[in-house]
Amino acid sequence: MIFPLYQTSMFVHQAVGLDTAISYSRVSNPTVDMLEKVIGELEGTPPAVCFRSGMAATTTLFLALLKAGDHVVLTEVIYGGTMRLFREVLDHFGVTSTFVDTCEAANVESAITAATRIVFIETPGNPTLKLTDIAAVARITKQHGVLLAVDNTFLTPILQKPLELGADISVLSTTKYIDGHNATVGGSIATRDEAMLERLRLIRKTLGTIQAPFEAWLTLQGVKTLPARLKIQCENAMALASWLERNPAVERVYYPGLDSCPQKALADRQQRAPGGMLAFELKAGLEPTIRMLNALKLCVRAESLGGLETLMTHPSTTTHADLDPELRRRLGIRDGLVRISVGLEAPEDILADLEQAFAAAGISAAQTTPKSNASSEVSREVR
Ligand SMILES: Cc1ncc(COP(=O)(O)O)c(C=O)c1O
């Protein structure tokens, strides 16, 4: 019923030169192979290539495809580790990069030079969930003979299939929704290009960035419930976003499922559902926002995402604290902004926790929806 865990570094050959296909777990391992098959099926590609972390996947991808003198165009609000890879590692090897607002596809075209090899985008963007039109960017990259890679960690191939929209490569941090239980760290790369898959496996075995068997085995258990988890997470996120949007203490809500979202039409076109991530901005400034976060009892303060539990993050003092203040302002990362990775708890429990945290932080109770109403609204929206 459950695929076995091959917790071994090596495999015995019955005779010299016999059964050498599986030999050493830095090269391949049957448990990792099975995870690669499952992720490939989700992506609609041959078996994916799995890595020890999302960053191991991204690093191996760029080391496999780039050489000195090459140039990459990236989304400006990209995962911090990806930005660090370009600004503090690949730049030492003569690789250059340009970070642009990819939500305007024209910005991608303007940034492409004769040296550009890859456009690497993340959509929805973190933390304000701004979307990039994958199909529009894919038309541009095809015209220029450049590869398009999408970091699809926030949605997974259940909710968005980058390769069907014209991208060449899909990257996932499996640490998040794919595992879904906050038990492992991992990453994957999927593509239909067999030669690229072969090159990725060669570079992976050289760098030693392959996923470990136990992590692959745990991820295989987690991924079985991915569609069911995402369904509940999307329903909970929609209920939460609607409640927050009606709350007078809230300045704005960022969620692609809301009619008020300026990119809702694009979300409806390229995503199967709006996803389990949302963000909101409190009218109150830094201090009340921090007090509210510290008063949470059910929801936890943590910087990851995609697990069973509802997590809240304060981007301006944590994930995005290192950004230039001017860029932070332009991106809408204000002191009252809170990012939520919505979990599988009963939605009325998440709302009750938010309500009590608002009250504890001195965000006027009169400004929030009365508790009795909160539950009945959830009943109507979700149940
Ligand atoms: C969108 C995105 N991509 C990549 C990564 C890196 O993944 P990992 O932490 O598994 O190395 C993260 C981690 O937070 C992420 O949020």
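Residues numbered from 1 in each chain as written. Predicted model: local features only at pLDDT ≥ 70, side-chain atom pairs only at ≥ 80, totals over all residues. Heavy atoms only, no water.

**A word on the packing of helix H2 (residues 54–65) against helix H3 (residues 80–89)**
Then, in step 1: Where H2 contacts H3, the axes come no closer than 10 Å and their chain directions differ by 35 degrees. Handedness of the crossing formed by H2 with H3: right-handed. Contacts from Met55, Thr58, Thr59 and Phe62 in H2 reach Gly81, Thr82, Leu85 and Phe86 in H3.
Then, in step 2: Grouping the constituent residues of the contact of H2 with H3 by class yields four nonpolar, four polar and no charged. (Axes fitted to C-alpha atoms, helices over the stretch in contact; angles between N-to-C directions. Helix = DSSP H or I, 4+ residues; strand = E, 2+ residues; numbered from the N terminus. Left-handed = near helix turned anticlockwise from the far one by under 90°. Contact = heavy atoms within 4.5 Å. Nonpolar A, V, L, I, M, F, W, Y, C, P; charged D, E, K, R; others polar.)

**What about the nonpolar core?**
Note on soluble globular proteins: their nonpolar side chains tend to be buried together.
Then, in step 1: Grouped together as the largest cluster of nonpolar side chains are 52 residues, with contacts concentrated most on Leu244, Leu278, Phe280, Met292 and Phe358.
Then, in step 2: At the level of elements, helix H1 (30–43), helix H8 (213–223), helix H9 (226–245), strand S8 (250–254), strand S9 (277–282), helix H11 (286–294), strand S12 (337–341) and helix H13 (347–360) are the ones that each hand at least two residues to this core.
Then, in step 3: At eight residues, the largest contribution of residues to this core is made by H9.
Then, in step 4: Ignoring any residue separated from it by four or fewer positions in sequence, one finds methionine 292 in contact with Phe280, Leu282, Val338, Leu354, Ala357, Phe358, Ala361 and Ile363.
Then, in step 5: By size, the runner-up hydrophobic cluster in this structure holds 27 residues, among which are Phe51, Phe86, Met196 and Leu197. (Core = buried A, V, L, I, M, F, W, Y, C linked by side-chain atoms within 4.5 Å. Buried < 20%, exposed > 50% of the residue type's maximum accessible area, 1.4 Å probe, protein only.)

**Observations concerning the site of the ligand**
Then, in step 1: Lining the immediate environment of the ligand, one finds Ser53, Gly54, Met55, Tyr79, Glu122, Asp151, Thr153, Ser173, Thr175, Lys176, Val185 and Gly186.
Then, in step 2: Taking methionine 55, its main chain carries an N or O atom lying 2.9 Å from an oxygen atom of the ligand.
Then, in step 3: Separating an oxygen atom of the ligand from a side-chain N or O atom of threonine 175 is a distance of 2.6 Å.
Then, in step 4: Here the shell around the ligand is built from residues that sort into three nonpolar, six polar and three charged. (Near = heavy atom within 4 Å. Polar contact = N/O pair within 3.5 Å; in protein donor to acceptor, adjacent residues only side chain to side chain.)

**So, the pattern of salt bridges**
Then, in step 1: For the coordinates displayed, the defined rule picks out 14 salt bridges.
Then, in step 2: Across the pair glutamate 36 and arginine 204 runs a salt bridge whose closest N-O atoms are separated by 2.8 Å. With glutamate 36 in helix H1 and arginine 204 in helix H7 (residues 194–207), the pair connects residues that are 168 residues apart, well separated along the chain.
Then, in step 3: Judged by its relative accessible area of 3%, glutamate 36 falls in the buried class.
Then, in step 4: Taken together, the salt bridges that share partners define one network made up of Lys67, Asp70 and Arg117. (Salt bridge = Lys/Arg side-chain N within 4 Å of Asp/Glu carboxyl O.)

**Some words on a nonpolar patch on the surface**
Then, in step 1: Together, Met10, Tyr24 and Val27 make up a nonpolar patch on the protein surface, roughly 290 Å² of accessible area in all.
Then, in step 2: Topologically, methionine 10 is positioned in the segment before H1.
Then, in step 3: The exposure class assigned to methionine 10 is exposed, which follows from its relative accessible area of 55%. (Patch = residues over 30% accessible without salt bridge, like charges linked within 9 Å, V, L, I, M, F, W, Y side chains within 5 Å. Areas by Shrake-Rupley, 256 points an atom, 1.4 Å probe, with all protein chains shown as cover.)

**Section: the side chain of serine 25**
Then, in step 1: Here serine 25 shows up in the segment before H1.
Then, in step 2: In this structure serine 25 comes out as buried when scored by relative accessible area, which is 11%.
Then, in step 3: One polar contact links serine 25 to asparagine 29, side chain to side chain, over a distance of 3.1 Å.
Then, in step 4: Not counting residues within four places of it along the chain, the set of residues in contact with serine 25 comprises Thr8, Ser9, Phe11 and Ile210.

**Here's the deal with the pairing of strand S6 (residues 169–173)**
Then, in step 1: With respect to burial, S6 is a largely interior element, five of its five residues being buried.
Then, in step 2: Taking every second residue as pointing to the same face, both faces of S6 are buried, with Ile169, Val171 and Ser173 on one and Ser170 and Leu172 on the other.
Then, in step 3: Relative to strand S7 (residues 187–191), S6 runs antiparallel, the two being bridged by five bridges. In the sheet register, valine 171 faces S7, and the bridge partner there is isoleucine 189. (Pairing = 2+ DSSP bridges.)

**Section: the sheet that holds strand S10 (residues 300–301)**
Backbone hydrogen bonds are what pair the strands of a sheet, in a parallel or an antiparallel way.
Then, in step 1: In spatial order, the strands read S8-S9-S12-S11-S10; together these five strands make up an open sheet with mixed pairing. Here the strands that pair on one side only, and so sit at the sheet edges, are S8 and S10.
Then, in step 2: Pairing between S9 and S12: five bridges, direction antiparallel. Of the residues in S12, the one forming a bridge with phenylalanine 280 is valine 338.

Shape is all these values report; function is a separate question.
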